[in-house]
Each structure stands twice: as C-alpha cells, then as structure tokens.
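Below, each chain spelled out in residue letters.
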Amino acid sequence: MRAYLALLPLLLATVAHAGTTPMAVNIREGRAALVAGQPGQARLLFAAALAHPDGEREDAYAAAMGLGQAVLWLGDYPAAETAFRMARAHAADEPARQAADTGLAQSLNAQDRPRAAYALVAPFAKGQLRPTVQLLRAAQSLGWQDRSTAYLQAVSPTPGSGRVGRQYRLLHDDMRYSLAPRLEGSLGYSHDNEGLSVYTIGSAFRFATFATGAWAQAWGLAAESNRVADEQLARRVNRLSVTSQWRIGDLHQVDLELGPGRAGGWQYLQGHVSWALQPGDNLGFNAAVERAPLLSVAAIDHRLNYDTFSLGASLRPSTHWYVLPAAYRQEFSDGNRRDGGSLRILLSPCDIPDTTAAVGAELSARAFRSSRPGRGIYFNPERYRMAQFSLVGVYALNPGWKLRATAGAGRQFIDGAPASIYAANLSLDGRLPHNGRLRFALGRSSAASSVSTGSAGYWNNTFMLSVGYPL
C-alpha cells in the first residue's frame, strides 16, 4: 500500500472540478478507495466512471488517471499502459499531458520497454522529480547513464523522504557509481567431485566515463590470478587486460577485454570482444569473439586454449517472454572444432502484488558436436545435448538489497547416454556505505563442464564475492 500512496498527489491534482454527476461520484469514490488501500475496488469505480458516455473531458481524464494508478498498484502493467494512453488523449493542457506521460512511462518501464519510456519523458523531465525518476530507470536499463547528468543537475531542491524521493536518491547513486572512476575487487572459488579446484582473485580500475555527442566510452585495467589444482598438482594462471565499453548512438554497444595471459612459460593472448545491436525494446542482435585457456592442470600442461565465435538474438514476443537463440563455433588449439547452439526461453520475474517479491521461469537447452572427440584431456564427447527447466525467485530485502534464487532440473545426453542434471544458485546484491556495491553468489550444478570427465554423479560448487567503490 505504501508504494502507491505516494502517487496519490498526482491523481488528486487531476480532478479539475467536483460535480454531482454519476461519473464524478465514481471518481470521488475511486479516489477514496485508493486512499483506503483498496486498489481492486478503485479499479471498478474508475472503470465505471469511464463507462459513462456523457462525461466531460476533465472527468474522463481524471477517471483514466485513477484507473492507471489502480492497476499499477495491482501489477497489471499492460492495463495501466492502456489507461494512461486514454488519459493522454483526454488531457486538456500540457501539464496534464505530462502527468499522463509520466504514468505511461512508469508502466512501460515496468514492462521492460525502456526505450519507449525514455523517449516519452526526455523532452520535459528536466527539473521535475517524477518524470526524472522514470527517465533514470530507463537510462539504467539501456546503459545510457551518461545521458542522465543534465537531468540530475536540474532536480532541485533535494527530494524529500517520500517513496519517489527515495527512488530518486537510489537511482542518483547508481548513476554516480556507473559514471565515476572506481576500484573493484573479486574472489572466486570452484570445486568439483573429481578434485579440481580453481581459486580466483581479481582487481580492476575503471576510469570515469567520457561522453561526447553520440559517443560514450569508458576504459579500465583488470588483473586476475587463478590457482588451478587437482588432487596431485597445482598450476598458476595470470592475466592482465585492458577493458573498454563504447556506446555508439542509440543502437550499438561494444565491450572489450583484451590482454596477455601466462601460465608458467606459456604466454598467450586472451580476452573477448562483443557487439550488441538493439534497434528496439523487443528485438536485439549480438556477436562475440573470445579466447580463453582451459582451466585444468592437464589442459594447462598441454597449453590448450580455445576461440569461441558466437551470434545471437533477443526476441520478445510478449511482455514477459523472451526468446534468446544463439549459435557458436569453438576452435581448440589441439585441432578440435565444436559447432553448437543454445536456446533460452525466459519468463521474466512477475511482481507479486503488495510484496517485494517476484517469480519467473527459464527453459534452457544446449547442444554441440565435436570434430575430434575423446583424447581424455578435457570433456569432449562427439555429441552433447542438454535441456533444463528452472524457477526464478527475486526478493527485495529493502530498497538497497536484493536476493535472487534459481533452482532447476533437466536431462543431458553424452553421446546418446542420458543422465539427470540439476542446478541451484543464490545471489545477493546490495549497497555498501559511501555508495559501494557488493555481490555474493553461491551455486551448484551437475551438468558436465568443459573440464569435467562427464562421469555419472558429477557436481561442481561455485562461490563468488565482488566489491566495488567509486573514487
């Protein structure tokens, strides 16, 4: 209830006059239902008001705005979009239209349509708190944080302690963190039932984002050290990388991490370059090239690395559904070539009304064929297939901390031999004092990995902790 009471001033300001017509009575009763924390009843009353054929324009606008707020409260974001578009059509002046556009942008952001939301409020958001909050939400989703500076500077005085003010301060901190120079550190660990353990420590320095015209770029330096050990031997693998992120106009994003790697006397080039094209909220394409070593003692001793070339797409047939197909080729330094593909079908987490929780699901599948199977150094069957279904849960402990859990099960086929698989992951993301960031993750999976033997009963446990601070 508290989450939407903060929106009532916007609704109360939309009623130009209070009459005694049935439509006006429905509007007053709808507003009272919202104040009483009864969005379902308010929805019925505002819908009844809109059903009157002889209502005045001001009343139709007020009823549509009230309906939009009620269904936002109930988590019916497509219905909220329809209501705010109706209010927009009935707006009598520019302030009324901007109020409707702000509600419409909120419903679009909730449906993960940030491009449409950004375009809607960008022309008028400067100096206005509510549309600025929706613009910042969209900019964060799009990776357009560099475009937020002018809007942040225009908000004055400092927002109060209400819900919208708290949202603004959190988003303001997110923008500052993304654009500022910062230090990052990470720890990682994995261990499987075959005795392979990988210990990882990493650090990075990110320079401040530089933006000019349609371009934005951020550079950095990263270092990582891995200790790879089995039950008898251990090896050290180190890398140093230059990192960069480029935003080119509204459509293109390029990410780069490239530098030398070393394991004993073996030196090699490692890293990745990826490109993403996002022409709209419902369609995207990506391509990537990556080179990495195989992290097992036997693979390091044989100086094995691999290059991966991938092409993918992101399709959204409806509000919460995403289809993510990808094709890839891996070329190993021992002459093996692997051709494969993957498919993910996501039901993005849907909010549970009057809670801070959301639930979703994922169906994932992967298959490949190797040209030179076997050899015993790494997991390399001739044919591999797997499919897994997972449930996803997200819970906001408070505005600054979020818990995410996934649990799934499925089947894999190694050269035709079937086996059951499972996976479970838990992560915690939060804010530290002085605008720091923390991420903690635990996971366990029984699906075969590139360095496992694929034997029955395989499992791998993982742990990761990362901390970042702006300077």
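Residues numbered from 1 in each chain as written. Predicted model: local features only at pLDDT ≥ 70, side-chain atom pairs only at ≥ 80, totals over all residues. Heavy atoms only, no water.

### Overview of the nonpolar core
The biggest cluster of nonpolar side chains holds 52 residues, and the ones touching the most others in it are Ile27, Tyr61, Met65, Tyr118, Leu135 and Leu136. Sorting elements by how many residues they give to this core places helix H5 (residues 57-73) first, with 11 residues. (Core = buried A, V, L, I, M, F, W, Y, C linked by side-chain atoms within 4.5 Å. Buried < 20%, exposed > 50% of the residue type's maximum accessible area, 1.4 Å probe, protein only. Helix = DSSP H or I, 4+ residues; strand = E, 2+ residues; numbered from the N terminus.)

### Examining the pairing of strand S11 (residues 337-351)
Two strands pair when backbone bridges link them, and strand S10 (residues 321-332) and S11 are joined in this way by 11 bridges, in the antiparallel orientation. Within the sheet, the bridge partner assigned to Tyr322 lies in S11 and is Leu346. Hairpin geometry of S10 and S11 is characterised by an intervening segment of 4 residues between the two adjacent antiparallel strands and by a positive phi of about 100 degrees at Gly335. The pairing of S11 with strand S12 (residues 357-370) spans 12 bridges and is antiparallel. (Pairing = 2+ DSSP bridges.)

### Focus: the side chain of Asn305
Within the secondary structure layout, Asn305 lies in strand S9 (residues 305-315). If we ignore the near neighbours within four places in the chain, the residues touching Asn305 are Trp266, Tyr268, Arg291, Ala292, Pro293, Leu294, Glu331, Phe332 and Ser333. (Contact = heavy atoms within 4.5 Å.)

### Some points on the layout of surface pockets
Remark: the empty space left among the atoms is shown by a probe the size of a water molecule rolled over them. As a volume, the second largest pocket reaches approximately 430 Å³. Forming the boundary of the second largest pocket are 27 residues, of which Leu324, Arg344, Leu346, Glu362 and Arg404 lie nearest the centre. Contributing elements (two or more residues each) for the lining of the second largest pocket: S9, S10, S11, S12, strand S13 (383-398), strand S14 (401-414) and strand S15 (417-432). Here the element with the most residues in the lining of the second largest pocket is S11; it accounts for 7 residues. When grouped by side-chain class, the residues that make up the lining of the second largest pocket number 13 nonpolar, 11 polar and 3 charged. (1 Å grid on protein atoms, 1.4 Å probe; cavity = no way out; pocket = protein on both sides within 12 Å on 5 of 7 lines; lining within 4 Å. Points joined across faces, edges and corners; volume = space filled by probe spheres on them. Nonpolar A, V, L, I, M, F, W, Y, C, P; charged D, E, K, R; others polar.)

### Here we look at the environment of Leu120
Mapped onto the secondary structure, Leu120 falls in helix H8 (residues 114-121). In this structure the C-alpha to C-alpha distance between Leu120 and Thr102, which are 18 residues apart in sequence, comes to 7.9 Å. For Leu120, the residues in contact, after removing those within four places along its chain, are Arg88, Asp101, Leu104, Ala105 and Leu108.

### Let's talk about the pairing of strand S16 (residues 436-445)
In the sheet, S15 pairs with S16 via 10 bridges, with the strands oriented antiparallel. Counted as the bridge partner of Ala424 is Arg444 from S16. The turn linking S15 back onto S16 is made up of 3 residues, and His434 within it adopts a positive phi angle of 65 degrees. Relative to strand S17 (residues 460-470), S16 runs antiparallel, the two being bridged by 9 bridges.

### Re the packing of aromatic side chains
Going through the model one piece at a time under the given rule, you end up with 10 aromatic pairs. Centre to centre, the rings of Tyr118 and Trp144 are 5.1 Å apart; their planes meet at 90 degrees, and the pair counts as edge-to-face. Separated by 26 residues along the polypeptide, Tyr118 in helix H8 and Trp144 in the loop between helix H9 (129-142) and helix H10 (149-154) bring together distant segments of the chain. A relative accessible area of 10% places Tyr118 in the buried class. Considering the side-chain rings of Tyr306 and Phe332, the 5.6 Å spacing of their centres and the 35 degrees angle between planes classify their relative orientation as tilted. Highlighted residues: Tyr306 in strand S9 and Phe332 in strand S10, separated in sequence by 26 residues. Here Tyr306 and Phe332 have matching classes, each one buried. A cation over an aromatic ring shows up here: Arg338 above the ring of Phe368, its NZ or CZ 4.1 Å from the ring centre. The side chain of Arg437 reaches across the aromatic face of Tyr177, ending 4.8 Å from its centre. (Phe/Tyr/Trp six-rings, centres within 6.5 Å; stacked < 30°, edge-to-face > 60°. Lys NZ or Arg CZ within 6 Å of the ring centre and 35° of its normal.)

### Regarding the pattern of salt bridges
The final tally for this structure, using the stated rule, is 22 salt bridges. Between Arg431 and Asp174 there is a salt bridge; the shortest N-O distance is 2.9 Å. Residue Arg431 is located in strand S15, and its partner Asp174 is located in helix H11 (residues 163-179); the two are separated by 257 residues in the primary sequence. Relative accessible area serves as the criterion here: at 14%, Asp174 is assigned to the buried category. A salt bridge links Glu224 to Arg239, with the shortest nitrogen-to-oxygen separation between them at 3.2 Å. With Glu224 in strand S4 (residues 215-229) and Arg239 in strand S5 (residues 234-248), this residue pair connects regions lying 15 residues apart in the sequence. Three or more residues joined by partner-sharing salt bridges are found here, namely Arg88, Glu94, Arg97 and Asp101. (Salt bridge = Lys/Arg side-chain N within 4 Å of Asp/Glu carboxyl O.)

By themselves, these figures tell us nothing about what the structure is for.
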